[in-house]
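Chains, contacts and geometry: an overview
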Amino acid sequence: MRLQKVLAQAGLGSRRRCDDMIAHGRVEVNGEVIDVMGARVDPATDVIRVDGKRIPVASDHAYVMLNKPRGIVTSMADEQGRPDLSTFVAGRSDRLFHVGRLDTDTSGLLLLTNDGDLAHKLAHPSFEIVKTYIALVDGDVPETLGARLKAGIELDDGPANVDRFQVKDRSRGRSLVELDIHMGKNRIVRRLLDAAGHPVRELTRTALGPLHVKGLASGAMRDLTRDELGALYDSVDDA
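The structure presented is a predicted model; accordingly, all values stated were derived computationally and were not measured.

**Describing the packing of helix H4 (residues 116-123) against helix H7 (residues 226-237)**
In contact at an axis separation of 10 Å, H4 and H7 are set at 55° when each is read in the N-to-C sense. On the basis of their axis angle, the class for H4 and H7 is oblique. The interaxial crossing formed by H4 with H7 has left-handed handedness. Of the residues in H7, those in contact with Leu118, Lys121 and Leu122 of H4 are Leu229, Leu232, Tyr233, Ser235, Val236 and Asp237. Its residues placed into classes, the contact of H4 with H7 shows six nonpolar, one polar and two charged.

**Side note on the domain arrangement of the chain**
Taken as a whole, the chain is organised into domain 1 (3-52), domain 2 (63-126 + 210-238) and domain 3 (130-208). Inter-centroid distance (C-alpha atoms) of domain 1 to domain 3 is 43 Å.

**Quick notes on the UniProt feature "domain: RNA-binding S4" (unreviewed entry) in the chain**
According to UniProt, the positions carrying the feature "domain: RNA-binding S4" (unreviewed entry) are residues 1-60. Helix makes up 27% of residues 1-60 and strand 17%, with an end-to-end C-alpha separation of 17 Å.

What counts, and where the lines are drawn
Residues numbered from 1 in each chain as written. Predicted model: local features only at pLDDT ≥ 70, side-chain atom pairs only at ≥ 80, totals over all residues. Heavy atoms only, no water. Axes fitted to C-alpha atoms, helices over the stretch in contact; angles between N-to-C directions. Helix = DSSP H or I, 4+ residues; strand = E, 2+ residues; numbered from the N terminus. Parallel < 35°, antiparallel > 145°, perpendicular 65-115°, else oblique. Left-handed = near helix turned anticlockwise from the far one by under 90°. Contact = heavy atoms within 4.5 Å. Nonpolar A, V, L, I, M, F, W, Y, C, P; charged D, E, K, R; others polar. Domains from an automatic or database assignment. UniProt positions renumbered as here; feature names shortened; annotations may be inferred.

Structural data, given as structure tokens:
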């Protein structure tokens, strides 16, 4: 397919505008600047960038960010009849599924899609996609806890560690902490902080790879932007 057609279908503008982007050297394909008209690309395999930003090709897939409230089961149809994700996707013609999960008492960013290949990469531990959490925990967390958590703590199913840890606030016998972790074990953040002597009272996932839930109200959902989706593809390709 001609490069300018791919760009136009991805929402970059008219064919003429896309021609101008190519002519001005703003377009790269697989790391090489393409500044001549008529270049052909394979949208399924070639990595296309405009001004350094990856451009996901147009597709029928949906990519939706949900700010999951507490009390919602991460399931499209809970067998026990508890509130689940079906509430948020009712009325949609596409069939979405969740990428990974958040436990019922955890709120925050959850990605819904029907792109099975991307979902597999994001959920698989080998790709080590970093997740960011904010946790309200019991106790005055010491500054030394960060080093301990980075070094790793032995849990029932093996060692676990965080990539980054920061104490945000301490007040009235509780602490607000932020951490990055790429491990995907069940309830890993809660178990890790509990093992460290600081049980979690509230937990929110604020980021998944390059995606951030900032500005999205609890219970709200929206489609990913083109830049967010491009960055998401880069996060799994670079892993």
